[in-house]
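# Structural characterization, general
Spelled out from the first residue to the last, the chains are:
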Amino acid sequence: LIFIDCLSAPDAQSVACDRQFAAQTAVEYLSRHQRRDIALINFPGGDAARETLQGYREAAENQLIPFNRQRVIEGESEPRIALQKLINSRVKFTALLVTDDSQAQEAITLLRDYQISVPEQVVVFSLDGSTRLPGQSAIPAIGYSLEGIARKAVALVLGQDDEHNRVRGTLLCD
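Predicted, not measured: the structure shown is a model, and the values here were computed from it.

### A few points about the overall build of the protein chain
- When you go through the protein chain residue by residue, the secondary structure sums to five helices and nine strands.
- The linear arrangement of helices and strands in the protein chain, starting from the amino end, is β-β-α-β-α-β-α-β-α-β-β-α-β-β.
- When contacts within the protein chain are restricted to residue pairs at least 6 apart in sequence, long-range pairs at least 24 apart make up 67% of them.
- Split by element, the accessible area of the protein chain, about 9,200 Å² in all, is 50% carbon and sulfur.

Okay, here's the thing in structure tokens:
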């Protein structure tokens, strides 16, 4: 039995997305595009949250972006509530990292409800995939190759795995 991208699977029997690398890549991309006030709506908890925050912090430090704890929302399982907390805190942010595409779509809707234009005022970035909706531009995101994940899983089943069962995503943007 091999777990694929489960947030709490045993390491020896799982293939996971490299969330630290994803967050680092996202922060570097946003920084290159003059978006330095980057907020993060993180996973509610666990290894995925820890790895994502670590990547976010490391990349911010490498880009000389001061860490602002108010821009990080953790421990909230409802993305809508997490984003409302961020908006109501009145902390400035020009970019928003979210854990996946469904959160990105929800964030865009809520930001527009608050009269915040996307992507002009706030760029929303998905750390796991992006779907282009009709009439909208694609959301910048990290995408994971299903072929790469499948190869890693097959190698695990055949006992040919390396010590590192993480799959790195690639930057998806227009």
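### With respect to the packing of aromatic side chains
- Using the criterion set out here, one finds two aromatic pairs in the structure.
- For the pair tyrosine 29 and phenylalanine 125, a centre-to-centre distance of 5.8 Å together with 55 degrees between the ring planes defines the contact as tilted. Within this pair, whereas tyrosine 29 is found in helix 1 (residues 19–32), its partner phenylalanine 125 is found in strand 6 (residues 123–126), the two being separated by 96 residues in sequence.
- Its relative accessible area of 0% is what places phenylalanine 125 among the buried residues.
- Note on tyrosine 56 and phenylalanine 67: the rings are 6.2 Å apart at their centroids and 75 degrees apart in plane angle, and the pair reads as edge-to-face.

So, how was this worked out
- Residues numbered from 1 in each chain as written.
- Predicted model: local features only at pLDDT ≥ 70, side-chain atom pairs only at ≥ 80, totals over all residues.
- Heavy atoms only, no water.
- Helix = DSSP H or I, 4+ residues; strand = E, 2+ residues; numbered from the N terminus.
- Contact = heavy atoms within 4.5 Å.
- Areas by Shrake-Rupley, 256 points an atom, 1.4 Å probe, with all protein chains shown as cover.
- Phe/Tyr/Trp six-rings, centres within 6.5 Å; stacked < 30°, edge-to-face > 60°.
- Buried < 20%, exposed > 50% of the residue type's maximum accessible area, 1.4 Å probe, protein only.

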